[in-house]
Amino acid sequence: MSTTATKTAETNAYDVALENFDLAANALELDDNLRAMIKYPERELAVSVPVRMDTGKVIRFQGYRVQHSTMRGPAKGGIRFHPNVTIDEVKALATWMTWKCAVVNIPYGGGKGGITCNPKEMSMGELERMTRRYASAILPIIGPEKDIPAPDVYTTPQIMAWIMDTYSMMKGYPVTGVVTGKPISIGGSLGRNEATARGCFYTTRASLVHLNIPLPQARVVVQGFGNAGSIAATLFHEAGAKVIAVSDTRGCIFNAKGLDMPAVVAFKAKTGSVAGFPGADRITPEALLALDCEVLIPAALENAITEENAHAVRAKIVSEAANGPVTPEADRILDSKGIFLIPDILCNAGGVTVSYFEWVQDENHLFWDENDVNAKLEKIMVRSFNDVLKIHTDKKVNMRLAANMLGVGRVAEACRIRGLYP
Ligand code: NAD
């Protein structure tokens with residue numbers, strides 16, 4: 001964890017987001033007027049979140065909600081509860097959401113929110129009071145037609161339920177479409193919990209086909225064993241690939257013969273970590289990233305692969321389940337090594353895609369079965385992968401630039417057609 005924290009301080013995620021925008025805008029030869037209209041966040045809200053802790057003491061937390069774009073539809077993006085949350089991190093994540101929604105061609109802009117806090121040290125009561133106070137503070141700018149939050153790091157379906165309830169109480173009637181990633185009992189979608197990992201699986205499987213690597217021969221390494229990472233690891237295991245290493249903040253485990261994923265998931269559920277799993281060796285976080293494998297899935301936080309450790313990466317494919325896990329310097333190194341990268345705004349877009357399905361179901365009061373959700377998700381992920389791959393091969397640019405060109409290009413086109421108000 002300390003490694004990530006240090007790197008996050010060194011590499012500003014928002015600078016990375018702006019740099020990636022400029023590269024895409026240059027490649028698209030976008031004119032300066034369009035750039036000025038779509039590059040920066042439309043709205044940034046900073047809020048104070050005072051919370052009565054269980055001791056009776058009131059602690060004030062810093063919260064944010066950023067709407068980067070509403071050019072193609074309402075702002076959409078998760079809420080993060082983490083000690084490293086800063087306004088620049090939220091702005092970067094909101095910016096990436098805009099291009100991501102455009103890459104998968106769903107009718108949303110981009111937004112993101114967060115509270116600088118350590119939810120691991122808070123009781124359920126404290127978390128609920130903090131969530132409800134934060135929800136009421138951002139309430140004027142959210143809503144099913146304006147901005148629709150969702151879960152992100154250390155936020156859960158329960159937290160989404162508290163936001164939905166707070167919003168509904170203020171309005172005086174139930175508004176299920178105000179957040180996605182809700183529990184099924186209050187308008188959540190079947191398949192939402194697994195959607196990010198499923199999208200990562202579909203795009204990685206398509207990359208393996210593209211590189212002529214049979215899936216059963218793929219050795220998979222996963223950094224971060226939360227929602228995205230643990231479910232992606234399980235999907236690869238179920239498909240016949242060998243998951244040889246996984247990690248979380250407390251440790252990394254490795255078994256060259258393959259880890260028994262259901263057993264690792266059960267172990268983590270019981271002990272709170274993968275560290276100490278019997279039948280595996282403990283390795284360092286640096287060694288995990290340097291393992292000889294076909295697929296490396298960073299599924300933790302930003303800036304996991306940097307110029308210091310990128311040279312050591314031996315994977316053939318890097319699948320960015322996390323947002324912003326590879327710094328621009330590391331990008332260039334992976335590129336020069338011929339590593340095939342599936343960029344975050346494509347690889348982890350399954351989450352927002354099924355969030356979109358959830359919102360559509362809520363607004364129509366008509367719910368789909370899980371097979372329907374997964375089939376629609378697969379169609380969108382495969383189509384989007386092929387769209388990005390086509391730009392990659394036709395324009396001879398790397399996959400990150402290809403995805404950014406697709407996303408930025410679609411937002412620029414919407415902006416051009418809408419024109420400048422007033
Ligand atoms: P999560 O809170 O469920 O899991 C995060 C996991 O990463 C935890 O297991 C934690 O222990 C681990 N971790 C944190 N720092 C680590 C480190 N330095 N080394 C190893 N492990 C570390 O979060 P999540 O929802 O799975 O999100 C993970 C990433 O995926 C984030 O970048 C998030 O923005 C992105 N993402 C998530 C979704 C979603 O729907 N959940 C959608 C799109 C993108």
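Residues numbered from 1 in each chain as written. Predicted model: local features only at pLDDT ≥ 70, side-chain atom pairs only at ≥ 80, totals over all residues. Heavy atoms only, no water.

Where do I start with the overall build of the protein chain in this structure?
For the protein chain, the count of helices and strands is 15 helices and 12 strands. A compact globule built from 422 residues would reach a C-alpha radius of gyration of about 22 Å, and the protein chain, at 20 Å, matches this within 12%. If you line up the protein chain on its principal axes, its C-alpha atoms span 55 × 55 × 45 Å. The buried share among the 422 residues of the protein chain stands at 59%. Taking contacts inside the protein chain between residues at least 6 apart in sequence as the whole, the part at least 24 apart equals 68%. Total accessible area on the protein chain stands at roughly 17,000 Å², and carbon and sulfur atoms take up 54% of it. Between the averaged position of the 45 positive side-chain charges in the protein chain and that of its 45 negative side-chain charges there is a distance of 2 Å. (Helix = DSSP H or I, 4+ residues; strand = E, 2+ residues; numbered from the N terminus. Rg over C-alpha atoms; globule rule 2.2 N^0.38 Å. Buried < 20%, exposed > 50% of the residue type's maximum accessible area, 1.4 Å probe, protein only. Contact = heavy atoms within 4.5 Å. Areas by Shrake-Rupley, 256 points an atom, 1.4 Å probe, with all protein chains shown as cover. Lys, Arg positive; Asp, Glu negative; His and termini not counted. Charge placed at Lys NZ, Arg CZ, Asp CG, Glu CD.)

I'm lost on helix α2 (residues 13-28) in this one. Help?
Structurally, the α-helix is built with 3.6 residues per turn, so residues lying three or four positions apart point the same way. Along its 16 residues, α2 runs 23 Å from first to last C-alpha, staying within 8% of the 22 Å computed at 1.5 Å per residue. For α2, the full list of buried residues reads A13, Y14, V16, A17, L18, N20, F21, A24 and A25. Of the residues flanking the start of α2, the one acting as N-cap is N12, its side-chain oxygen 2.7 Å from the backbone nitrogen of Y14. E29 occupies a position one or two residues after α2 and carries a positive phi of about 55 degrees. (Expected span 1.5 Å × (residues − 1). Polar contact = N/O pair within 3.5 Å; in protein donor to acceptor, adjacent residues only side chain to side chain.)

Any chance you could explain the sheet that holds strand β12 (residues 340-342) here in plain terms?
Remark on secondary structure: sheet strands pair via backbone hydrogen bonds, oriented parallel or antiparallel. On the basis of which strands lie adjacent, the open sheet formed by 7 strands has the order β9-β8-β7-β6-β10-β11-β12 and mixed pairing. With one partner strand each, in any of the chains shown, β9 (281-283) and β12 form the two edges of the open sheet. Each strand axis lies, on average, 20 degrees off the axis of its neighbour in the sheet, ignoring direction. Here strand β8 (residues 251-254) runs beside β9; their pairing, made up of 3 bridges, is antiparallel. If you follow F254 over to β9, its bridge partner there is D281. Here helix α8 (residues 227-238) sits on the sheet and contacts β6 (219-223), β7 (242-248) and β10 (295-298); the angle it forms with β7, its principal contact strand, is near 170 degrees. (Pairing = 2+ DSSP bridges. Axes fitted to C-alpha atoms, helices over the stretch in contact; angles between N-to-C directions.)

It is not clear to me how helix α4 (residues 87-103) should be interpreted in this structure. Could you clarify?
The end-to-end C-alpha distance of α4 is 24 Å, a good match for the 24 Å that 17 residues give at a rise of 1.5 Å each. Of all the 17 residues making up α4, 15 are buried; the element is thus mostly covered by neighbouring parts of the structure. Backbone geometry just downstream of α4 places N105 in the positive-phi region, at approximately 60 degrees.

So what exactly am I meant to see when it comes to the packing of helix α7 (residues 192-210) against α8 here?
In helix packing, the relevant descriptors are the interaxial angle and the interaxial distance, both defined with respect to the helix axes. Running from amino to carboxyl end, α7 crosses α8 at an angle of 50 degrees, the nearest separation of the two axes being 8 Å. Classified by the interaxial angle, the pair formed by α7 and α8 is oblique. Crossing handedness for the pair α7 and α8: right-handed. Contacts from N193, E194, T196, A197, R198, C200, F201 and T204 in α7 reach N227, A228, I231, A232, L235 and F236 in α8. Split into classes, the residues belonging to the contact of α7 with α8 amount to 8 nonpolar, 4 polar and 2 charged. (Parallel < 35°, antiparallel > 145°, perpendicular 65-115°, else oblique. Left-handed = near helix turned anticlockwise from the far one by under 90°. Nonpolar A, V, L, I, M, F, W, Y, C, P; charged D, E, K, R; others polar.)

Could you clarify how one ought to interpret the domain arrangement of the protein chain in this entry?
Reports often express the size of an interface as the amount of accessible area lost when the parts come together. Split into domains, the protein chain comes out as domain 1 (43-186) and domain 2 (195-347). Averaged C-alpha coordinates put domain 1 and domain 2 at centres separated by 28 Å. With 13 residues of domain 1 at the interface, the matching set in domain 2 holds 8 residues. Of the roughly 850 Å² buried at the junction of domain 1 and domain 2 (both faces included), carbon and sulfur atoms supply 59%. The largest contributions to the domain 1 side of the interface with domain 2 come from W96, K100 and V103, which together make up 48% of the buried area. If you look at where domain 1 meets domain 2, you find 1 salt bridge. Of the charged contacts, one joins E302 and R80 as a salt bridge, the two residues approaching to 2.9 Å between their closest N and O atoms. If you look at where domain 1 meets domain 2, you find 2 residue pairs in polar contact (both at pLDDT 80 or more). For the side of domain 1 that touches domain 2, the secondary structure elements donating two or more residues are β3 (75-82) and α4. For the side of domain 1 that touches domain 2, the element with the most residues is α4, which contributes 6 residues. (Domains from an automatic or database assignment. Buried area = accessible area lost by both parts, 1.4 Å probe. Salt bridge = Lys/Arg side-chain N within 4 Å of Asp/Glu carboxyl O.)

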